[in-house]
Amino acid sequence: EAKSKGKSAYERFAPQMKESSHERLQMESRMRRALELDEFQLCFQPIVSTSSGNLQAAEALLRWNNPTMGLVMPDRFIPLAEETGLIIPIGEWVLKEACAAAVRWQSITGQRLGISVNVSPRQFRDPGFVAAVMNALELSGLEPERLELEITERLILDHSIETSDILHRLDSEGIRLSVDDFGTGFSALSYLKSYPFDTLKIDKSFIQDVLKEQEDASLVKAIITMAHSLGLTVIAEGVEMAEQIEFLKEQECDFAQGYFYSEPAPDARFEQWLRDRRATES
Ligand code: C2E
Ligand code: MG
Ligand code: MG
Ligand code: MG
């Protein structure tokens, strides 16, 4: 339109910017109330042994059900939660809920399943983080060995003494630590040697094309070999097809997670999945 062509770049973009910052503010104020209004929900996704097919653990994945916005996925709200610091109370809620859920599953499965919880950098660096983790364990009665904290390479990259110190404190409590989205960062691999990680999660972008792209297959093979030589357990993320499981099994990848087994399911549906699974097993 002729009129808008005459406008300066600033004028043309300003209204949009204003709207998006308005949206952000609106989302922030909604997020501030979300905890007390009980709008957050955890979904759980199974982590399965590639060799035995046994269920090992589940990953807790956060959802936000807002009456106005509907179901909001974490990629849309976690960044803002990080920026505003709201990730700290939200993250505490996630830790408590996730640990309590893992204890509840014991009566369904008779197994001591593990629970993986995602931790974002801001949350990890909060001075109260270790205490919040210990509090969630105490309240639920979950053994520390059954909790695995998932941390991305982005966080490890800062190489600070604080990061190292926190990782070692968590490790000394017996809590397991994993590197999430492995392969997507540009980090030096040396951190794997100096930090007490237990598990490496291969990012789903590598798994997606593992049957089609020779390069992806080679990378996945190399990552598994390297991880095992460092004594790390390997989980493949984003597994959607039986053929991918076959490949991962051949490469001796320890565990797999993805839609092939189950999409992340809300509490009640996950518990039903556990019951159904138990019924078919016995
Ligand atoms: P992530 O930890 O790498 O989680 C895996 C993501 O892959 C999840 O997305 C999951 O739903 C998705 N996924 C699982 N299986 C498949 C599959 O077979 N195919 C495909 N295409 N995708 C699959 P989701 O739930 O949207 O979470 C996105 C990210 O948000 C997570 O990535 C994690 O970094 C973050 N996040 C989720 N919950 C929390 C939380 O409680 N706290 C924090 N700080 N971050 C969280
Ligand atoms: Mg994760
Ligand atoms: Mg350890
Ligand atoms: Mg991941």
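Residues numbered from 1 in each chain as written. Chains lettered and ligands numbered in written order. Predicted model: local features only at pLDDT ≥ 70, side-chain atom pairs only at ≥ 80, totals over all residues. Heavy atoms only, no water.

The name an unreviewed UniProt entry assigns to the protein is cyclic-guanylate-specific phosphodiesterase, from the organism Marinobacter profundi.

Draft legend 1. View of the overall build of the protein. Check the secondary structure of the protein and you find 13 helices and ten strands. The C-alpha radius of gyration computed for the protein amounts to 21 Å, which stays within 12% of the reference 19 Å derived for 282 residues, consistent with globular compactness. With the C-alpha coordinates aligned to their principal axes, the bounding extent of the protein is approximately 70 × 45 × 45 Å. Burial status across the protein gives 47% buried among its 282 residues. At a minimum sequence separation of 6, the contacts of the protein that also span at least 24 residues come to 67%. Of the charged side chains in the protein, 30 are positive and 46 negative, and the gap between their average positions amounts to 6 Å. (Helix = DSSP H or I, 4+ residues; strand = E, 2+ residues; numbered from the N terminus. Rg over C-alpha atoms; globule rule 2.2 N^0.38 Å. Buried < 20%, exposed > 50% of the residue type's maximum accessible area, 1.4 Å probe, protein only. Contact = heavy atoms within 4.5 Å. Lys, Arg positive; Asp, Glu negative; His and termini not counted. Charge placed at Lys NZ, Arg CZ, Asp CG, Glu CD.)

Draft legend 2. The arrangement of unusual backbone geometry in detail. One non-glycine residue, Asp 181, lies in positive phi territory at about 55 degrees. Within the element layout of this structure, Asp 181 appears in strand β6 (residues 176–182). Relative accessible area serves as the criterion here: at 26%, Asp 181 is assigned to the partly exposed category.

Draft legend 3. Seen up close, the coordination of the magnesium ion (ligand 2). In this structure, Glu 59 (OE), Asn 118 (OD1), Glu 150 (OE) and Asp 180 (OD) serve as the protein donors to the magnesium ion (ligand 2), at separations of 1.9 to 2.2 Å. One chain supplies every donor for the magnesium ion (ligand 2), spaced along it as E-x58-N-x31-E-x29-D. The metal-metal distance between the magnesium ion (ligand 2) and the magnesium ion (ligand 4) is 4.3 Å, with Asp 180 serving as a donor to both. Taken together, the residues span a long stretch of sequence, with Glu 59 in strand β2 (residues 55–66) and Asn 118 in strand β4 (residues 114–118) at a distance of 59 residues. What makes Glu 59 buried here is its relative accessible area of 3%. For Asn 118, a relative accessible area of 28% corresponds to the partly exposed category. (Donors = N, O, S within 2.8 Å, 3.2 Å for Na, K, Ca; no water.)

Draft legend 4. Spatial organisation of the nonpolar core. Among the nonpolar cores identified, the biggest contains 80 residues, and Trp 105, Ile 115, Leu 147, Leu 149 and Leu 170 are the most heavily contacted of them. Sorting elements by how many residues they give to this core places helix α4 (residues 87–109) first, with twelve residues. When near neighbours in sequence (up to four residues on either side) are disregarded, Leu 147 contacts Cys 99, Ile 115, Val 117, Val 133, Leu 137, Leu 142, Ile 175 and Arg 176. (Core = buried A, V, L, I, M, F, W, Y, C linked by side-chain atoms within 4.5 Å.)

Draft legend 5. Expanded view of the coordination of the magnesium ion (ligand 4). For the magnesium ion (ligand 4), the full set of protein donor atoms is Asp 180 (OD), Asp 181 (OD), Glu 237 (OE) and Glu 237 (OE), at a range of 2.0 to 2.5 Å. Here the donor residues of the magnesium ion (ligand 4) share one chain and are spaced in sequence as D-D-x55-E.

Draft legend 6. Helix α3 (residues 74–84), seen in detail. Three or more residues of α3 are buried, namely Phe 77, Leu 80, Ala 81 and Glu 82. Just downstream of α3 lies Gly 85, where phi reads positive at about 85 degrees.

Draft legend 7. Seen up close, helix α13 (residues 267–281). Over its 15 residues, α13 runs 21 Å from end to end, which matches the ideal 21 Å to within 8%, given 1.5 Å per residue. Among the residues of α13, those classed as buried are Phe 270, Glu 271, Leu 274 and Arg 277. The arc that holds every buried residue of α13, seen down its axis, measures 120 degrees, which confines them to one face. What points out from α13, more than 90 degrees from its buried face, is the exposed set Ala 268, Arg 269, Ala 279 and Thr 280. The inward-facing, buried residues of α13 abut β1 (40–49), β2, α4 and β10 (265–266). (Expected span 1.5 Å × (residues − 1). Arc of directions from axis to C-beta.)

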